[in-house]
Amino acid sequence: MTKRPRSPRTVRTARAVLAAFLTAAAMAGAAPAPAPAGATVHVRPAARGGGHERTQAALDAAVKAGVPGALARVRDAHGTWNGSAGVADLHTKRPRLAVDRFRAGSIGKPFTATVLLQLEAEHRLTLDDTVEKWLPGLVRGNGNDGSRITLRHLLQQTSGLFDYTTDPEVLRNLTTTAFLEHRYDRWTPRRIVRTATAHAPNFAPGTRYAYTPTGYVLAALVVEKATGRSYEEEVERRIIAPLGLHSTRLPRHERTVPAPAGRSYSWFTDEPDRRMHDVTDFDPSLIRATGDLISTGADLDRFLTALLQGRLLPPAQQRELRTTVPTGDGSGAAYGLGLFRYTLCGTEVWGHTGLFVGTQSIAFVSADTRHSLVLNFNTDTVSDTDAAGDVFQAEFCPASQ
């Protein structure tokens, strides 16, 4: 695959990682992705019969390109394979481990969508209910109107609501050294919504797709209004406990990632030397219900597999989950209710990407649930490159393509 030149990284948002990931995937019909020029690729032994040498090579190439540590879990007809490259901790130099927890970012969105769909199946709400019905007066002003936005719009990324992470103040605190000063700030969901609605919507609800985490912050508030329990309690009792996701948690205000875990790293746009900072610890309330999930490769695979097999939702809600709208970015991707659908080298896959300061992840499972990949980089600093997409391509595309 021929790499296209990219401009220097200036802004890291969920949109950026999605665009880079899908750009790489869209070009997957070309030649297999080489390692960067001059890279020394160390191919580690693959699982018996697994043949994951190209995936391991892509992990090694990502480390050569600047990722401190890369971790992948693959499941296919030959069993489970765990690959890694680099280190989990730049200070201790310990390697990344298959059991390591990491911040999964927006891969938490399908958890939120699943809970709302379960509530619909229980006749406690419908996806055609408006935000105004459940959260009266919250989404108003500057052209925002909660009476025109449905719960389906929130989950399907068609609400038109402004992405609060691109608010100038929030963005500055995420992408510059201001993060170090504000990393422990506490945010409430209503403050997040006020930040979003201080801006005009991007378009009329339901008219097109545009990725915005604001919708999932609102979805969690609806879950709480409909159940009388916290969003975290509902995810725990409906998904985490029944599936035995023992390494998965929603951290509320917990500042660090529980062991076993490595560290996370980032550089900031106002430091021209691109010095790496340890950004593992912060208050995750800014990304509650939209990116705060902590998990492992094994747990994310188990969840997505169960979800796609219909073990978490009745048939009617399963159909809604898989009803998609095109993302319109030319990649062929589509978005359902908390899930991306993509066809790569003839294989239809479903899952999600995740990005926040210090972490970049992808988790996808084939439509027949026989093949899966979960990937984590312990940095977000290569999110505007094809590094994650190269791993994705290496695993799902035959070497001949």
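Remember, predicted model here, so these are calculated numbers, not experimental data. (Residues numbered from 1 in each chain as written. Predicted model: local features only at pLDDT ≥ 70, side-chain atom pairs only at ≥ 80, totals over all residues. Heavy atoms only, no water.)

> Requested: an account of the pattern of salt bridges, with residues and values cited.
As enumerated under the stated definition, the model contains 20 salt bridges in all. With a closest N to O distance of 2.5 Å, Glu-132 and Arg-140 form a salt bridge. Salt-bridge contacts for Arg-302 lead to Asp-299; the nearest nitrogen and oxygen are separated by 3.2 Å. Of this pair, Arg-302 and Asp-299 both sit in helix H11 (residues 297-308), three residues apart, roughly one helical turn. Residue classification places Asp-299 among the buried positions, given a relative accessible area of 4%. Bridged by salt links that share partners, the residues Glu-122, Arg-124, Arg-229, Glu-234, Arg-237 and Arg-238 form one connected network. (Salt bridge = Lys/Arg side-chain N within 4 Å of Asp/Glu carboxyl O. Helix = DSSP H or I, 4+ residues; strand = E, 2+ residues; numbered from the N terminus. Buried < 20%, exposed > 50% of the residue type's maximum accessible area, 1.4 Å probe, protein only.)

> Residue-level account of unusual backbone geometry, with values.
Cis rather than trans, the peptide bond between Ala-259 and Pro-260 has omega equal to 0°. Along the polypeptide, Pro-260 turns up in the loop between helix H10 (231-243) and strand E6 (265-266). For Arg-274, which is not a glycine, the phi torsion comes out positive at approximately 50°. By the secondary structure assignment, Arg-274 is in the loop between E6 and strand E7 (277-278). For Arg-274, a relative accessible area of 44% corresponds to the partly exposed category.

> I'd like a rundown of a positive patch on the surface, residues and numbers included.
Together, Arg-190, Arg-191, Arg-194 and Lys-225 give the surface a local cluster of positive charge. The leading source of residues in the positive patch is helix H8 (residues 189-197), at three residues. Take Arg-190: it is sitting in helix H8. (Patch = residues over 30% accessible without salt bridge, like charges linked within 9 Å, V, L, I, M, F, W, Y side chains within 5 Å. Areas by Shrake-Rupley, 256 points an atom, 1.4 Å probe, with all protein chains shown as cover. Lys, Arg positive; Asp, Glu negative; His and termini not counted. Charge placed at Lys NZ, Arg CZ, Asp CG, Glu CD.)

> Provide a residue-level description of the pairing of strand E11 (residues 340-344), including the pertinent values.
Here E11 shows a clear split, with Phe-340, Tyr-342 and Leu-344 buried on one side and none of Arg-341 and Thr-343 buried on the other. As judged from the two bridges shared by strand E10 (residues 334-335) and E11, these two strands associate in the antiparallel manner. Bridge pairing in E11 places Tyr-335 opposite Phe-340. Here E11 runs beside strand E12 (residues 347-356); their pairing, made up of five bridges, is antiparallel. Bridging across to E12, Phe-340 finds its partner in Gly-351. Joining the antiparallel neighbours E11 and E12 is a turn of two residues, in which Cys-345 adopts a positive phi near 50°. (Pairing = 2+ DSSP bridges.)

> Just give me the short version of the environment of Pro-213, but keep the residues and values in it.
Structurally, the position occupied by Pro-213 is in the loop between H8 and helix H9 (214-227). With 75 residues separating them in the primary sequence, Pro-213 and Arg-288 have C-alpha atoms 9.7 Å apart. Those residues in contact with Pro-213 that lie beyond four places of it in its chain are Lys-109, Asp-163, Tyr-164, Thr-165 and Thr-290. (Contact = heavy atoms within 4.5 Å.)

> Help me get a handle on the pairing of strand E13 (residues 359-366), residues and values and all.
Extensive coverage of E13 is indicated by the burial of eight of its eight residues. The alternating pattern of E13 places Thr-359, Ser-361, Ala-363 and Val-365 on one face and Gln-360, Ile-362, Phe-364 and Ser-366 on the opposite face, and all of these are buried. Inspection of the sheet shows E12 paired to E13 by eight bridges, in the antiparallel sense. Each residue of the ladder has a partner; that of His-352, found in E13, is Ala-363. Linkage of E12 to E13, two consecutive antiparallel strands, is achieved through a turn of two residues, within which Gly-358 is found at a positive phi near 90°.

> Tell me about the sheet that holds E11, and name the residues and values.
Paired through their backbone hydrogen bonds, the strands of a sheet run either parallel or antiparallel. Ordered by their spatial adjacency, eight strands build an open sheet running E2-E1-E14-E13-E12-E11-E10-E9, and the pairing between neighbours is antiparallel. Edge positions in the sheet fall to strand E2 (79-86) and strand E9 (325-326), since each of these pairs with one other strand and no more. Alignment of strand E1 (residues 69-76) against strand E14 (residues 372-377), held across six bridges, turns out to be antiparallel. When the bridges of E14 are listed, Leu-71 appears paired with Asn-376. Of the strands in this sheet, E1, E2 and E14 are in contact with helix H2 (residues 53-64), which crosses E2 at around 20°. (Axes fitted to C-alpha atoms, helices over the stretch in contact; angles between N-to-C directions.)

> Describe helix H3 (residues 109-121), with residues and values.
Its 13 residues place the ends of H3 19 Å apart at the C-alpha level, agreeing with the 18 Å of an ideal helix rising 1.5 Å per residue. Listing the buried residues of H3 in full gives Lys-109, Pro-110, Phe-111, Thr-112, Ala-113, Thr-114, Val-115, Leu-116, Leu-117, Gln-118, Leu-119 and Glu-120. (Expected span 1.5 Å × (residues − 1).)

> Explain H8 to me, and be specific about the residues and the numbers.
When H8 is considered as a whole, its buried residues turn out to be Pro-189, Ile-192, Val-193, Thr-195, Ala-196 and Thr-197. Considering only its buried residues, H8 is in contact with strand E4 (140-141), strand E5 (144-145), helix H6 (168-175) and H9.

> Run through the environment of Val-67, naming residues and quoting values.
The topology assignment puts Val-67 in the loop between H2 and E1. Exposure remark for Val-67: the relative accessible area of 2% places this residue in the buried category. Along the backbone, Val-67 and Phe-377 are 310 residues apart, and their C-alpha atoms lie at a distance of 6.5 Å.

> Any details on the packing of aromatic side chains? Residues and values, ideally.
A complete count under the given rule lists ten aromatic pairs for this structure. Ring geometry for Tyr-211 against Phe-340: centres 6.3 Å apart, planes inclined by 15°, an arrangement best described as stacked. Placement of Tyr-211 in the loop between H8 and H9 and of Phe-340 in strand E11 is noted, with a sequence separation of 129 residues between them. For Tyr-211, a relative accessible area of 5% gives the class buried. An aromatic cluster is present here, built from Phe-179, Phe-268, Phe-282 and Phe-356 joined pairwise through their rings. Taking NZ or CZ as reference, Arg-103 lies 4.1 Å from the ring centre of Phe-282, over its face. We note Arg-322 situated over the ring of Trp-350; from NZ or CZ to the ring centre the distance is 5.2 Å. (Phe/Tyr/Trp six-rings, centres within 6.5 Å; stacked < 30°, edge-to-face > 60°. Lys NZ or Arg CZ within 6 Å of the ring centre and 35° of its normal.)

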